[in-house]
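Inside the fold
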Amino acid sequence: MITPVLPTYARAPLSFVEGSGPWLITETGERFLDLGAGIAVNALGHANPRLVAALEAQARRLWHTSNLYQIPNQQKLADLLVDNTFADTVFFTNSGTESVECAVKMARKHFSHNGQPERVEIICFEGSFHGRSSAGIAAAGSEKMVKGFGPTLPGFRHVAWGDLDAVEATIGDATAAVMVEPVQGEGGIRPMSEADLRRLRALCDAAGALLILDEVQCGMGRTGKLFAHEWAGITPDIMAVAKGIGGGFPLGACLATEKAADGMGLGTHGSTYGGNPLACAVGIAVVETMTEDGFLDNVSRLSGRFRQGLEGIAGQFPDVFAGVRGSGLMLGLMCRKPVPDVVKAGYDAKVIVVPAADNVVRLLPPLNISESEVDEALARLETVARSLQAEVVT
Ligand SMILES: *Cc1c(COP(=O)(O)O)cnc(C)c1O
């Protein structure tokens with residue numbers, strides 16, 4: 001018999017009732033060190049006092065009015081994002097999928113608005129994840145995601161991850177945009193090199209196509225810059241954001257230049273909840289926190305410490321871990337043991353890691369994790385490695 005909750009998720013037999021910083025606490029009071037942060041969502045930790053205060057204050061005043069009216073919190077959050085990024089304008093959503101959806105629609109509308117309605121194709125990379133809507137799964141294009149959900153939304157072309165020559169061969173007069181995650185998340189923490197990101201920008205410029213970045217997972221401070229593309233010194237035309245921006249409250253955003261957004265006039269797009277007062281109250285507190293002096297530098301500093309420790313563990317347990325990759329506090333441990341076994345051994349050692357493709361477990365701790373908590377994470381991951389190593393012997 002089907003369960004009351006649609007059985008689409010492989011859930012661990014764990015349930016948490018409370019959180020504090022990078023800690024999650026079960027009903028029976030067991031404390032787990034959370035290196036998953038709700039899949040890069042709780043970027044400022046659980047029950048962050050500043051976010052709780054922002055949410056509580058707004059909850060007492062007004063929850064929701066709809067986008068039929070001015071929403072001061074939404075305007076303030078848009079101003080903050082425009083001031084701190086390449087963008088001139090922002091559309092607010094409730095999720096990463098919706099941010100990607102807006103990005104795809106905007107790119108196509110831009111060309112139709114400018115007399116090139118034939119430019120509809122979006123070039124995407126294999127191994128990508130862009131959400132579970134019909135556009136999102138068509139963009140990712142993997143058999144696993146699209147199978148049985150056809151007809152797949154047309155107009156998506158796919159090239160192998162990192163194959164910029166294939167992009168060059170595919171891009172042309174029918175291309176609306178290239179869409180890429182600067183660091184693939186679900187795909188196994190695979191960063192695109194800075195040189196490749198610059199080449200992608202140049203290929204788009206030469207072809208007159210737009211560059212869409214999906215920074216839903218790698219954005220919002222994850223890599224030690226507010227957005228990952230900043231490391232490469234490029235800017236996109238359109239960018240999908242979500243996950244960390246709400247710190248745990250459902251919120252997403254599609255950021256764009258004025259030019260890319262020129263087709264998105266009155267009535268072209270909308271959302272009932274998108275950018276509502278509660279979500280934006282929290283979003284403002286998140287962006288204000290991350291743009292404070294020293295916040296992002298601290299992410300890079302902690303990343304160095306974490307990464308060095310992880311390299312040490314990988315070196316010490318080569319039968320368990322093949323190495324470390326990623327950027328900032330978006331790190332992947334390449335596994336030589338099955339990923340589900342590593343995740344399970346993590347539960348036994350009371351440390352939470354997140355599975356990804358390509359034999360990788362993801363480490364995505366809250367960005368404000370302390371140095372001593374990083375050391376504690378390393379100690380627990382060493383326990384994980386030791387327990388899996390031991391299994392070989394027995
Ligand atoms: C999580 C994710 C999405 C989808 O976001 P949802 O909030 O689950 O809709 C899209 N793109 C990337 C890169 C993601 O990591």
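Computed from a predicted structure; not experimentally measured. (Residues numbered from 1 in each chain as written. Predicted model: local features only at pLDDT ≥ 70, side-chain atom pairs only at ≥ 80, totals over all residues. Heavy atoms only, no water.)

**Observations concerning the sheet that holds strand β1 (residues 16–20)**
Strand order in the open sheet formed by four strands is β1-β2-β3-β15, and the pairing between neighbours is mixed. For this open sheet the edge positions go to β1 and β15 (351–352), each flanked by a neighbour on one side alone. The pairing of strand β2 (residues 23–26) with strand β3 (residues 31–34) spans three bridges and is classified as antiparallel. Bridging from a neighbouring strand, Trp 23 pairs with Leu 33 of β3. (Pairing = 2+ DSSP bridges. Helix = DSSP H or I, 4+ residues; strand = E, 2+ residues; numbered from the N terminus.)

**Section: helix α3 (residues 72–84)**
Taking 1.5 Å as the rise per residue, α3 with 13 residues should run 18 Å; its terminal C-alpha atoms sit 18 Å apart, in good agreement. Along α3, the residues classified as buried are Asn 73, Gln 74, Leu 77, Ala 78, Leu 80 and Leu 81. The buried residues of α3 occupy an angular sector of 160° when projected down its axis, which confines them to one face. Residues Pro 72 and Asp 83 are exposed on α3 and point more than 90 degrees away from its buried face. Its buried side turned inward, α3 meets α2 (49–61), β4 (89–93), β12 (252–256) and α9 (277–290). (Expected span 1.5 Å × (residues − 1). Buried < 20%, exposed > 50% of the residue type's maximum accessible area, 1.4 Å probe, protein only. Arc of directions from axis to C-beta. Contact = heavy atoms within 4.5 Å.)

**As for the UniProt feature "binding site: N(2)-acetyl-L-ornithine" (unreviewed entry) in the protein**
The sites that carry the UniProt feature "binding site: N(2)-acetyl-L-ornithine" (unreviewed entry) are, in the present numbering, Arg 132 and Ser 271. Inspection of the secondary structure assignment puts Arg 132 in the loop between β5 (121–125) and α5 (134–140). In contact with Arg 132, other than residues within four places in its own chain, are Thr 97, Ile 137 and Met 145. One can find Ser 271 in the loop between β12 and α9. (UniProt positions renumbered as here; feature names shortened; annotations may be inferred.)

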